[in-house]
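Working through the structure, step by step
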Amino acid sequence: MAKKPKNKRRDFLQLSTVTLGAVGTAAFIWPFLKSMSPAEDTLAAGSTEVDISAIEEGQSITIKWRGKPVFIKKRTKDEIDAAKMVQASDLRDPQDDADRVQKEEWLVLVGVCTHLGCVPLGQKVSDMKGEYDGWYCPCHGSHYDTSGRIRKGPAPKNLDVPPYTFLNDNTIKIG
Amino acid sequence: MDKNRKVHQFKNPVLNWIEFRLPIISYFKKEYGDYPMPKNCNYFWSFGALATITLVTMIVSGIFLAMNYTPHTDMAFDSVERIMRDVNYGWLMRYIHSNGAAFFFIIVYIHIVRAMYFGSYKYPRELNWILGVFIFLLMMATSFLGYTLPWGQMSYWGATVITNLFSAIPFIGEGLKTWLLGDYNVGNATLNRFFALHYVLPFVIFGVVGLHVAAVHVHGSNNPDGIDIKTNNDSVNFFPYMLIKDTVAMCAFGVAISAVIFFGPNLMAEVDNYIPADPLVTPAHIVPNWYLAPFYAILRAVPDKLGGVLLMFGAIVILFVLPWLDRSKVRSCNYRPIYKWFMMGFFVNFFALGYVGMLPAEGLYLLIARVGLLYYFGFFFIITPFVGWIEKPSKLPLSISDVYAKNIAPNIGGGEKGIPSPAMQKDTNL
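Here, residues in each chain are numbered from 1, in the same order as that chain's written sequence. Numbering of ligands from 1 and lettering of chains from A proceed in the order in which they are written. Note on the predicted model: pLDDT of at least 70 is required for a residue's local features to be given, and 80 or more for side-chain atom pairs to be given and counted; whole-chain, interface and lining totals, by contrast, use all residues.

1. Concerning the overall build of chain B
In DSSP terms, a helix is any run of H or I states spanning at least four residues, a strand is any run of E spanning at least two, and both are numbered starting from the N terminus. Scanning chain B for helices and strands turns up 18 helices and two strands. On the principal axes, the C-alpha backbone points of chain B span a range of 80 × 60 × 50 Å. For the exposure call, what matters is how many other C-beta atoms sit within 10 Å of a residue's own: 20 or more marks it buried, 12 or fewer exposed, and in between partly exposed, using C-beta atoms placed from the backbone. With 430 residues in all, chain B has 36% of them scored as buried. Note that contacts rest on C-beta atoms placed from the backbone: two residues are in contact if these are within 7 Å. Pairs at least 24 apart in sequence give 74% of the contacts found in chain B among residues at least 6 apart.

Next up, the structure:
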């Protein structure tokens, strides 16, 4: 009978040693995994100010913000109307046009397709704009409307709206 | 240590000295000298050796390229151009490496076709097959990472599309993608780590290849008739017979790859990759390397992001369980009158998927991709289990020598019955 408690003691020591070893290994691996996340200087990539006074109605410019393209479009009356007419509930990613703009003639979007990250066409006059007259992603055929909402194709979500503020009538600060 | 261990004795005392301390010489003699190969193996059985040689060539040419390559977004493209223009024989290293990758896949695809058609994945070689699928996965990862390094338009956008596949995973997808990239989009952090991983993965492949070869040597190689070696007359020694045969195959392969390297080095390259990467402009058609195109076609055939990603990875993962989906005990399709045609259909289908994977996903091409997708999974989940059940295989030869007795004896013996074939004569001599 004296044997049993001895075994228990051994089991306990063995189990606690293995547990401590496992926790220690995991703690040691963590810095290696974490080192692959974006570095501090990458996270600190700041904001961009854009002068929008030269953009004509119907025209769109592409600027670079945090390495990504951002579309700034001054929409025409027709385009605004087309975007407003849509029932949000009919959409794959339901959102009203009013929730996507601060001033309705200015549409600001991250120009990255929500499917697999290509830059959609539609910034130049000669570009294909897709069936909804907004943007068209050539990679896998996603169609976006004049509010940058997904209407057709494999993309799951609307084009992102980045955080931005109007500093004055002619300047937007993105980020 | 066992004192009674039998040490192999050689004539050369130096060999004996080594053998006593590390029995590596008897190991090589056993595995690459006396190793019995079924004597009916055809040239399909040379593709394993060709793949090994190509792997070594890729590692060597890659090391020399790395001596002149700079993994930085501002300098990568120019450093590759410098390799092409200024580095002595840099163009040769790069064309060997880029075309070598394509040929590596050609060889491995033929190797896989061989294994599937002749049933090499079946008992007792299932683990060998699993290791092979692992190698295939590692190869795809390595080639994808390597394709990013020249930092051309296709490099950049290929990397963008493939890493975005991970963002389809619910909840953790976006975070996982950012962690993999080290940034919110493909950037310098990404290029740096891709280079590091592209350098190390081939050595991992090399290790798994070692296991793959060790595993096949346990039960011996399969053969076109899919029957086991029964007597010594069924086999020939690896040295010199198979070594010479593999050497002939290697010469033919060398001619083929040299023709491409020297006369059409950009046949399999994408023009867009000679334009430096531009994060603001996506090329009109993002095309994967042709050897990954069948899986890309599957991805695009599905009109749902997560569904497409799952089916694409599923198309590879399904290969792991093939040995258990196939219920037939007969290995070689030569003796499976029904399954044989479905198997050939599978190869044609895979080729068709690859073809449409290189073309825009619209209209007829999209339809072909969808039909191809159905056949791909139908082949594994429906055809393979059920054909094995209903099919009546043709009669297997009694032994490997028996194959020759039937095929060759009538010619040598002038068609007369009862005259033994050379193989059978050897039998009687024993």
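2. As for the pairing of strand E9 (residues 171-174) of chain A
Residues and elements named next belong to chain A. Bridging between strand E1 (residues 48-51) and E9 involves four bridges; their strand directions are antiparallel. Paired with Thr48 across the bridge in E9 is Ile174. A pair of strands is labelled paired if DSSP reports no fewer than 2 bridges between them. When strand E8 (residues 164-168) meets E9, the two strands line up antiparallel, connected through four bridges. For Phe166, the partnering residue across the bridge sits in E9 and is Ile172. Joining the antiparallel neighbours E8 and E9 is a turn of two residues.

3. Examining the interface of chain A and chain B
Each side of the interface is counted separately: chain A has 22 residues, and chain B has 28 residues. When contributions to the side of chain A that touches chain B are tallied by element, the ones reaching two or more residues are strand E2 (60-65) and strand E3 (68-74) of chain A. Classes in brief: Ala, Val, Leu, Ile, Met, Phe, Trp, Tyr, Cys and Pro nonpolar; Asp, Glu, Lys and Arg charged; the others, Gly included, polar. Grouping the constituent residues of the side of chain A that touches chain B by class yields eleven nonpolar, eight polar and three charged.

4. Side note on the domain arrangement of chain B
All names here are of chain B. In terms of domain boundaries, chain B breaks down into domain 1 (1-33), domain 2 (38-283), domain 3 (288-396) and domain 4 (405-430). Note that the domain bounds were set by an automatic or database domain assignment. On a C-alpha basis, the centres of domain 2 and domain 3 stand 22 Å from each other. Domain 2 puts 26 residues into the contact, and the matching count from domain 3 is 23 residues. For the side of domain 2 that touches domain 3, the secondary structure elements donating two or more residues are helix H5 (90-117) and helix H6 (126-148). Of all the elements, H6 adds the most residues to the side of domain 2 that touches domain 3, at eight residues.

5. A few points about the environment of Glu270 of chain B
Residue and element names in this part refer to chain B. Examined against the element boundaries, Glu270 turns out to sit in the loop between helix H10 (238-263) and helix H11 (293-301). Separated by 117 residues in sequence, Glu270 and Gln153 place their C-alpha atoms 9.5 Å apart. In this view, Glu270 contacts Met154 and Val287; residues no more than four positions away in its chain are not counted.

6. A short note on the sheet that holds strand E7 (residues 150-152) of chain A
Residue and element names in this part refer to chain A. Strand order in this open sheet of three strands is E5-E6-E7, and the pairing throughout is antiparallel. Single-partner strands in this sheet number two, and they are strand E5 (135-137) and E7. When strand polarity is set aside, the average angle formed by the axes of neighbouring strands in this sheet is 30 degrees. Bridging between E5 and strand E6 (residues 142-144) involves three bridges; their strand directions are antiparallel. Each bridged residue has a counterpart across the sheet, and for Cys137 the counterpart in E6 is Ser142. A fitted line through C-alpha atoms serves as each axis, taken over the contacting stretch for helices, and the angle formed by two N-to-C directions is quoted from 0 to 180°.

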